[in-house]
Amino acid sequence: MAGRNQERVNKKMEELNLEYFAGPYDLVVNATPLSAHPLEQAAGFLDVLKGCKMVFDHNMPEKDNKTNYIKEYCQGTDIHFIPGHDMYVPQMIQQWMLFLNGANDNLNNKLNITERDIEKAWSLD
């Protein structure tokens, strides 16, 4: 586990009973806005990526027409990159299914929405 505030990282690691691991990491998950900024601005982050096999970037700067610096880094270093969009769409589908299934339509019939229904309605197919 890594972060900008080492004290907070240490506290969270203690809460979760995690031990320090210096890497290399198989998977790095970025859940910060870091990817919209040059990676040199994040102290220690490039060290975390060294030897990494895969990066999942929850942030999506591309949606705001910004450069995704983590994506560029991964492409230049042959690290498998998973963009946030690849998780966002399936997660959104599941959330809508949870929300809609069991609800009543305008004829008071119980809804049974499938993943395929949502894909078709939103032209995701």
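Our structure is the block above this text.
A short tour of the structure in this document, coming up.

Cut-offs applied
- Residues numbered from 1 in each chain as written.
- Predicted model: local features only at pLDDT ≥ 70, side-chain atom pairs only at ≥ 80, totals over all residues.
- Heavy atoms only, no water.
- Helix = DSSP H or I, 4+ residues; strand = E, 2+ residues; numbered from the N terminus.
- Buried < 20%, exposed > 50% of the residue type's maximum accessible area, 1.4 Å probe, protein only.
- Contact = heavy atoms within 4.5 Å.
- Areas by Shrake-Rupley, 256 points an atom, 1.4 Å probe, with all protein chains shown as cover.
- Lys, Arg positive; Asp, Glu negative; His and termini not counted.
- Charge placed at Lys NZ, Arg CZ, Asp CG, Glu CD.
- Phe/Tyr/Trp six-rings, centres within 6.5 Å; stacked < 30°, edge-to-face > 60°.

Let's talk about the overall build of the chain
A tally of helices and strands in the chain yields five helices and three strands. Secondary structure of the chain in N-to-C order comes out as α-β-α-β-α-β-α-α. Along the first, second and third principal axes, the C-alpha set of the chain runs to 60 × 35 × 25 Å. Counting the 125 residues in the chain, one finds 25% classified as buried. Counting contacts in the chain only where the partners sit at least 6 residues apart, residues at least 24 apart contribute 56% of the total. As displayed, the chain offers around 9400 Å² of accessible surface, 52% of which is attributable to carbon and sulfur atoms. When the 12 basic and 18 acidic side-chain charges of the chain are each reduced to a single mean position, those positions are 4 Å apart.

Details of the packing of aromatic side chains
Considering all chains together, one arrives at three aromatic pairs under this definition. For the pair Phe21 and Tyr25, a centre-to-centre distance of 5.5 Å together with 75 degrees between the ring planes defines the contact as edge-to-face. With a relative accessible area of 47%, Phe21 lands in the partly exposed category. Pairing Trp96 with Phe99 gives two aromatic rings, centres 5.5 Å apart and planes at 80 degrees, and the pair type is edge-to-face. Taken together, the residues span about one helical turn, with Trp96 and Phe99 both in helix H4 (residues 85–100) at a distance of three residues. You can call Phe99 exposed: its relative accessible area is 60%.

Keep in mind these values describe shape, not function.
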